[in-house]
Amino acid sequence: MSSFEKILLHVSTFVATLTGVAFLVMKYFMTSADPFSVIHHPLQPYALDLHVLAGPVVVFAIGLIGREHILGRFLERRPVAGRGSGIATILLAAPMVASGYLLQVVTGEVTHRALVVAHVATGAVFALCLAGHLLAARNRGRVPGRKNGGTAPAGTGPALIGSDTKV
(Lines give C-alpha, C1' and ligand atoms only; values in the text may rest on other atoms or scores of the structure.)
Protein backbone atom coordinates (compact mmCIF):
# COMPACT_ATOMS: atom_id res chain seq x y z
CA MET A 1 0.00 0.00 0.00
CA SER A 2 1.20 3.48 -0.74
CA SER A 3 1.56 6.11 1.97
CA PHE A 4 -1.47 7.95 0.57
CA GLU A 5 -3.61 4.79 0.75
CA LYS A 6 -2.51 4.08 4.32
CA ILE A 7 -3.14 7.64 5.47
CA LEU A 8 -6.52 7.80 3.75
CA LEU A 9 -7.67 4.47 5.23
CA HIS A 10 -6.36 5.12 8.73
CA VAL A 11 -7.50 8.73 9.04
CA SER A 12 -10.95 8.12 7.55
CA THR A 13 -11.50 5.05 9.74
CA PHE A 14 -10.32 6.96 12.81
CA VAL A 15 -12.66 9.89 12.05
CA ALA A 16 -15.60 7.58 11.34
CA THR A 17 -14.96 5.61 14.54
CA LEU A 18 -14.48 8.69 16.70
CA THR A 19 -17.57 10.47 15.37
CA GLY A 20 -19.61 7.26 15.53
CA VAL A 21 -18.74 6.71 19.19
CA ALA A 22 -19.39 10.38 19.97
CA PHE A 23 -22.79 10.27 18.27
CA LEU A 24 -23.69 7.00 19.99
CA VAL A 25 -22.87 8.41 23.42
CA MET A 26 -24.71 11.67 22.78
CA LYS A 27 -27.83 10.04 21.33
CA TYR A 28 -28.25 7.01 23.59
CA PHE A 29 -26.46 7.85 26.85
CA MET A 30 -27.19 11.55 27.36
CA THR A 31 -30.47 13.24 28.16
CA SER A 32 -31.64 16.69 27.22
CA ALA A 33 -33.12 19.24 29.60
CA ASP A 34 -36.00 19.51 27.10
CA PRO A 35 -38.06 16.29 27.22
CA PHE A 36 -39.32 16.90 23.65
CA SER A 37 -35.89 17.36 22.07
CA VAL A 38 -34.29 14.57 20.05
CA ILE A 39 -30.92 16.32 20.32
CA HIS A 40 -29.28 15.52 23.64
CA HIS A 41 -26.08 17.50 23.14
CA PRO A 42 -25.35 20.60 21.05
CA LEU A 43 -22.62 18.77 19.10
CA GLN A 44 -24.79 15.73 18.30
CA PRO A 45 -25.85 16.89 14.80
CA TYR A 46 -22.24 17.73 13.89
CA ALA A 47 -21.00 14.32 15.07
CA LEU A 48 -23.62 12.64 12.87
CA ASP A 49 -22.78 14.89 9.91
CA LEU A 50 -19.06 14.12 10.17
CA HIS A 51 -19.78 10.41 10.60
CA VAL A 52 -22.00 10.32 7.50
CA LEU A 53 -19.38 12.24 5.50
CA ALA A 54 -16.49 10.03 6.69
CA GLY A 55 -18.32 6.82 5.74
CA PRO A 56 -17.95 7.13 1.96
CA VAL A 57 -14.28 8.04 2.39
CA VAL A 58 -13.75 4.78 4.32
CA VAL A 59 -15.56 2.88 1.56
CA PHE A 60 -13.40 4.59 -1.08
CA ALA A 61 -10.21 3.81 0.86
CA ILE A 62 -11.18 0.13 1.15
CA GLY A 63 -11.90 0.05 -2.58
CA LEU A 64 -8.59 1.74 -3.30
CA ILE A 65 -6.61 -1.01 -1.55
CA GLY A 66 -8.94 -3.79 -2.70
CA ARG A 67 -7.05 -5.11 -5.68
CA GLU A 68 -3.44 -4.93 -4.57
CA HIS A 69 -3.57 -5.27 -0.81
CA ILE A 70 -6.75 -7.21 -0.08
CA LEU A 71 -7.11 -9.50 -3.09
CA GLY A 72 -3.38 -9.71 -3.78
CA ARG A 73 -2.50 -10.72 -0.23
CA PHE A 74 -5.47 -13.06 0.02
CA LEU A 75 -4.27 -14.98 -3.05
CA GLU A 76 -0.76 -15.46 -1.65
CA ARG A 77 -0.26 -19.06 -0.61
CA ARG A 78 2.31 -18.57 2.11
CA PRO A 79 1.28 -17.67 5.68
CA VAL A 80 1.43 -13.96 6.44
CA ALA A 81 1.13 -12.27 9.82
CA GLY A 82 -2.17 -10.46 10.11
CA ARG A 83 -4.05 -12.53 7.53
CA GLY A 84 -6.78 -13.57 9.98
CA SER A 85 -7.39 -10.06 11.25
CA GLY A 86 -7.35 -8.75 7.68
CA ILE A 87 -9.94 -11.28 6.54
CA ALA A 88 -12.11 -10.55 9.59
CA THR A 89 -11.84 -6.81 8.92
CA ILE A 90 -12.88 -7.04 5.29
CA LEU A 91 -15.73 -9.47 6.05
CA LEU A 92 -17.11 -6.98 8.58
CA ALA A 93 -16.90 -4.11 6.10
CA ALA A 94 -19.86 -5.29 3.98
CA PRO A 95 -22.49 -5.45 6.75
CA MET A 96 -21.10 -2.28 8.35
CA VAL A 97 -21.41 -0.32 5.11
CA ALA A 98 -24.79 -1.81 4.15
CA SER A 99 -26.32 -1.11 7.56
CA GLY A 100 -24.89 2.42 7.54
CA TYR A 101 -26.48 3.25 4.21
CA LEU A 102 -29.78 1.58 5.10
CA LEU A 103 -29.99 3.55 8.35
CA GLN A 104 -30.36 6.70 6.28
CA VAL A 105 -33.43 5.48 4.38
CA VAL A 106 -35.30 3.00 6.59
CA THR A 107 -38.20 4.51 8.51
CA GLY A 108 -39.70 1.49 10.29
CA GLU A 109 -38.91 1.65 14.00
CA VAL A 110 -38.11 -2.05 14.51
CA THR A 111 -36.03 -2.28 11.33
CA HIS A 112 -34.23 0.95 12.20
CA ARG A 113 -33.35 -0.29 15.69
CA ALA A 114 -32.07 -3.60 14.28
CA LEU A 115 -29.92 -1.70 11.79
CA VAL A 116 -28.54 0.51 14.58
CA VAL A 117 -27.51 -2.58 16.54
CA ALA A 118 -26.00 -4.19 13.43
CA HIS A 119 -24.13 -1.02 12.45
CA VAL A 120 -22.76 -0.35 15.92
CA ALA A 121 -21.70 -3.98 16.40
CA THR A 122 -20.05 -4.42 12.99
CA GLY A 123 -18.51 -0.94 13.11
CA ALA A 124 -16.99 -1.49 16.54
CA VAL A 125 -15.61 -4.92 15.68
CA PHE A 126 -14.38 -3.60 12.28
CA ALA A 127 -12.41 -0.84 14.05
CA LEU A 128 -10.98 -3.31 16.59
CA CYS A 129 -10.04 -5.84 13.89
CA LEU A 130 -8.37 -3.12 11.81
CA ALA A 131 -6.39 -2.00 14.87
CA GLY A 132 -5.40 -5.64 15.50
CA HIS A 133 -4.44 -6.00 11.85
CA LEU A 134 -2.22 -2.94 12.05
CA LEU A 135 -0.57 -4.25 15.23
CA ALA A 136 0.01 -7.67 13.66
CA ALA A 137 1.60 -6.05 10.61
CA ARG A 138 3.75 -3.79 12.78
CA ASN A 139 4.91 -6.63 15.05
CA ARG A 140 5.76 -8.92 12.14
CA GLY A 141 9.45 -9.80 12.28
CA ARG A 142 11.74 -8.05 9.84
CA VAL A 143 13.56 -10.39 7.50
CA PRO A 144 16.87 -9.16 6.03
CA GLY A 145 16.62 -8.44 2.32
CA ARG A 146 12.84 -8.22 2.43
CA LYS A 147 10.67 -5.16 2.57
CA ASN A 148 7.38 -4.62 4.41
CA GLY A 149 8.34 -6.73 7.40
CA GLY A 150 9.01 -10.03 5.73
CA THR A 151 6.80 -9.96 2.67
CA ALA A 152 8.28 -11.08 -0.61
CA PRO A 153 10.28 -8.51 -2.57
CA ALA A 154 8.30 -6.49 -5.10
CA GLY A 155 7.60 -8.34 -8.32
CA THR A 156 7.81 -11.87 -6.87
CA GLY A 157 4.20 -12.40 -5.75
CA PRO A 158 1.35 -14.01 -7.72
CA ALA A 159 0.02 -12.15 -10.73
CA LEU A 160 -3.22 -10.32 -10.08
CA ILE A 161 -6.31 -11.17 -12.05
CA GLY A 162 -6.41 -9.07 -15.20
CA SER A 163 -3.06 -7.46 -14.49
CA ASP A 164 0.32 -7.59 -16.14
CA THR A 165 2.05 -6.67 -12.89
CA LYS A 166 2.97 -8.73 -9.88
CA VAL A 167 2.16 -8.01 -6.23
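The following refers to the structure shown. (Residues numbered from 1 in each chain as written. Predicted model: local features only at pLDDT ≥ 70, side-chain atom pairs only at ≥ 80, totals over all residues. Heavy atoms only, no water.)

One can describe the packing of helix 1 (residues 3–29) onto helix 2 (residues 44–75) by two numbers: an axis separation of 8 Å at closest approach and a directional angle of 150°. One way to sum up the angle between helix 1 and helix 2 is to call them roughly antiparallel. Here helix 1 and helix 2 pass one another in a crossing that is left-handed. Residue composition of the contact of helix 1 with helix 2, grouped by class: 19 nonpolar, six polar and two charged. (Axes fitted to C-alpha atoms, helices over the stretch in contact; angles between N-to-C directions. Helix = DSSP H or I, 4+ residues; strand = E, 2+ residues; numbered from the N terminus. Parallel < 35°, antiparallel > 145°, perpendicular 65-115°, else oblique. Left-handed = near helix turned anticlockwise from the far one by under 90°. Nonpolar A, V, L, I, M, F, W, Y, C, P; charged D, E, K, R; others polar.)

Structural remark: α-helix, 3.6 residues per turn; residues separated by three or four positions point the same way. The terminal C-alpha atoms of helix 3 (residues 83–103), which comprises 21 residues, lie 31 Å apart, in line with the 30 Å expected from a rise of 1.5 Å per residue. At alanine 93, helix 3 shows its largest kink, close to 25°, and the proline proline 95 lies no more than four residues downstream. (Expected span 1.5 Å × (residues − 1). Bend = angle between axes of the 7 residues up to and from the residue.)

Take the side chain of serine 99 next. Note on placement: serine 99 falls in helix 3. Within the local environment of serine 99, its side chain forms a polar contact with the backbone oxygen of proline 95, the two atoms lying 2.8 Å apart. Filtering out sequence-adjacent residues up to four positions away, serine 99 remains in contact with Leu115, Ala118, His119 and Thr122. (Polar contact = N/O pair within 3.5 Å; in protein donor to acceptor, adjacent residues only side chain to side chain. Contact = heavy atoms within 4.5 Å.)

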